[in-house]
Amino acid sequence: MSDQTKPHQTQTENSEPEKTVRLWDFPVRLFHWALVVAIATSWWSNQEVMIDIHAISGYSVLALVLFRIIWGFVGSSNARFSDFLAGPGKVIGYMRKLPNGSVRDLTYPGHNPAGGWMVVVLIVLVAIQAISGLFTSEDTFLFFDGPLVAYVSSDFASTMNFIHHTNINLIYAAVALHVLAAIFYLMVKRENLIGAMITGVRKVPESIANSFTQIRFASPILGIAILVVCGLAVWGMVIIARGG
Ligand code: HEM
Ligand code: HEM
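What counts and how
Residues numbered from 1 in each chain as written. Chains lettered and ligands numbered in written order. Predicted model: local features only at pLDDT ≥ 70, side-chain atom pairs only at ≥ 80, totals over all residues. Heavy atoms only, no water. Donors = N, O, S within 2.8 Å, 3.2 Å for Na, K, Ca; no water. Tetrahedral: all angles 85-135°; square planar, octahedral: opposite > 155°, others 65-115°. Helix = DSSP H or I, 4+ residues; strand = E, 2+ residues; numbered from the N terminus. Near = heavy atom within 4 Å. Polar contact = N/O pair within 3.5 Å; in protein donor to acceptor, adjacent residues only side chain to side chain. 1 Å grid on protein atoms, 1.4 Å probe; cavity = no way out; pocket = protein on both sides within 12 Å on 5 of 7 lines; lining within 4 Å. Sits in = over half its atoms within 2 Å of the grid points. Nonpolar A, V, L, I, M, F, W, Y, C, P; charged D, E, K, R; others polar. UniProt positions renumbered as here; feature names shortened; annotations may be inferred. Buried < 20%, exposed > 50% of the residue type's maximum accessible area, 1.4 Å probe, protein only. Salt bridge = Lys/Arg side-chain N within 4 Å of Asp/Glu carboxyl O. Contact = heavy atoms within 4.5 Å. Axes fitted to C-alpha atoms, helices over the stretch in contact; angles between N-to-C directions. Parallel < 35°, antiparallel > 145°, perpendicular 65-115°, else oblique. Left-handed = near helix turned anticlockwise from the far one by under 90°.

> Hey, could you run me through the coordination of the iron atom of ligand 1 in this one?
In an ideal octahedron of six donors the angles at the metal are 90 or 180 degrees, and in an ideal tetrahedron of four donors they are 109.5 degrees. Of the protein atoms, only H54 (NE2) and H164 (NE2) coordinate the iron atom of ligand 1, at distances of 2.0 Å. Around the iron atom of ligand 1 sit six donor atoms, and with donor-metal-donor angles ranging over 88 to 179° the site reads as octahedral. Remark: H164 occurs in helix α7 (residues 154-187) and H54 occurs in helix α2 (residues 51-74); sequence separation between them is 110 residues.

Following this line, the structure appears as structure tokens:
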């Protein structure tokens, strides 16, 4: 091909050399995939009427959520709520850029302004599900009471029961939207956010790699220690509530 017939090439972001950068710390990734497994187990055990497994996976969700809230204040800089909760102006600006924006416009060294709020919605919904479960009973043939049922009025327990059976539909909707968004980035934007949540690293154009090198990573040992303490706290609460 002569120079004249060669397609005109500009130095677009897509042809720019890429660099592999660290994005998610180990505790965030562990939290994410453990949460997926625990919620799937809660759902499956309910279908299979295995209430003991349902309760254990539910307690695990509670411990994971507790951990994530603490990590949102003391964890790596891009895991902190203050890093990814943007005001409405930024969220709208991001959504406007989403259809045609370049990689540089849409790539953040953490959650993007719209995704950040989705993260909060997911964590809140999942927390409501796990907490309401503690006050939920099944009294037709399993005769199972959540560990905190005995401590509240029957009116309060039946409200929680209602919430537990209703909120799960909001979780289905939010998770569906969340997974569709991840697939949209992968298929349409050619951005593999899922791989980054698994491996912790991401390939980005060299010109924006700098913003990733500014992430301050917290100690993964600290993360694991906080997670263990959260697990013990939930476990202890259940044992004490059940009377030892
Ligand atoms: C995030 C964690 C949890 C999820 C995703 C979850 C999910 C569900 C779902 C989908 C149902 C069935 C709702 C329906 O049939 O309409 C259910 C029922 C129930 N859950 Fe959970 N749950 C969780 C945590 C818990 C916890 C921690 C407990 C208590 C230890 C608990 C106790 C119960 C009970 C007693 C029922 C009633 C069973 C029945 O009606 O057949 N759940 N849960
Ligand atoms: C029960 C199902 C799920 C729940 C409750 C859930 C929840 C969450 C939460 C809370 C985060 C924020 C992570 C953090 O900062 O700690 C997150 C991020 C993420 N999740 Fe999920 N997730 C679920 C399933 C999935 C699945 C199946 C995929 C893959 C297809 C996925 C892909 C992602 C990705 C790519 C991110 C990072 C988004 C970004 O780069 O900003 N999630 N998810």
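> What exactly am I supposed to notice about the site of ligand 2 here?
Neighbouring residues of ligand 2: 19 residues in total, closest H32, R68, H111, H178 and L193. A distance of 2.7 Å separates a nitrogen atom of ligand 2 from a polar atom in the side chain of H178. More than half of the atoms of ligand 2 fall within 2 Å of the grid points belonging to the largest pocket. Of the residues forming the shell around ligand 2, the biggest block, seven residues, is contributed by helix α1 (residues 26-47). Of the residues in the shell around ligand 2, the class split is 15 nonpolar, three polar and one charged.

> Whenever I open this one, the UniProt feature "transmembrane region" (unreviewed entry) in the chain confuses me. Can you help?
In the numbering adopted here, UniProt assigns the feature "transmembrane region" (unreviewed entry) to residues 26-44, 56-74, 114-135, 170-188 and 221-241. Secondary structure across residues 26-44 comprises 100% helix and 0% strand; the distance between its end C-alpha atoms is 27 Å.

> Before we go on, may I ask you to explain the coordination of the iron atom of ligand 2 in this structure?
For the iron atom of ligand 2, the full set of protein donor atoms is H32 (NE2) and H178 (NE2), and the range of their distances to it is 2.0 Å. Because the angles between the six donor atoms bound to the iron atom of ligand 2 fall within 88 to 179°, the donor set is best described as octahedral. Residue H32 is found in helix α1, and its partner H178 is found in helix α7; the two are separated by 146 residues along the sequence. When its relative accessible area of 30% is taken as the criterion, H178 is described as partly exposed.

> Help me understand the UniProt feature "domain: Cytochrome b561 bacterial/Ni-hydrogenase" (unreviewed entry) in the chain, please; the structure alone is not making it clear to me.
The sites that carry the UniProt feature "domain: Cytochrome b561 bacterial/Ni-hydrogenase" (unreviewed entry) are, in the present numbering, residues 24-200. Along residues 24-200 one finds 71% helix and 2% strand; the C-alpha atoms at either end are 5 Å apart.

> Honestly, the pattern of salt bridges in this entry has me stumped. Any pointers?
Pairing between side chains of opposite charge can happen when their charged atoms approach one another. Under the definition given, this model contains two salt bridges. The partner of E16 in a salt bridge is R104, and the shortest N-O contact between them spans 3.4 Å. Of the two residues, E16 sits in the segment before β1 (18-22) while R104 sits in helix α5 (residues 103-106), which places them 88 residues apart along the sequence. Among the residues examined, E16 registers a relative accessible area of 11% and is labelled buried. The closest approach of N and O atoms between R202 and E191, which form a salt bridge, is 2.2 Å. Note that R202 is positioned in strand β4 (residues 201-205) and E191 in the loop between α7 and α8 (193-199), a separation of 11 residues in sequence. Given the relative accessible area of 8%, R202 is considered buried.

> How do you make sense of the side chain of S57 when you look at a structure like this?
Mapping S57 onto the fold places it in helix α2. Among the polar contacts made by the side chain of S57, one reaches the main-chain carbonyl oxygen of H54 at a distance of 3.1 Å. When near neighbours in sequence (up to four residues on either side) are disregarded, S57 contacts A38, T41, S42 and S45.

> Looking at this model, I keep getting lost on the packing of α2 against helix α6 (residues 113-133). Mind explaining?
Axis separation between α2 and α6 bottoms out at 9 Å; the angle between their running directions is 140°. By the angle between their axes, α2 is oblique relative to α6. Seen from above, α2 lies across α6 with left-handed handedness. Two secondary-structure elements touch here, α2 through G58, V61, L62, V65 and R68 and α6 through I123, V126, A127, A130 and I131. Partitioned by chemical class, the residues of the contact of α2 with α6 number eight nonpolar, one polar and one charged.

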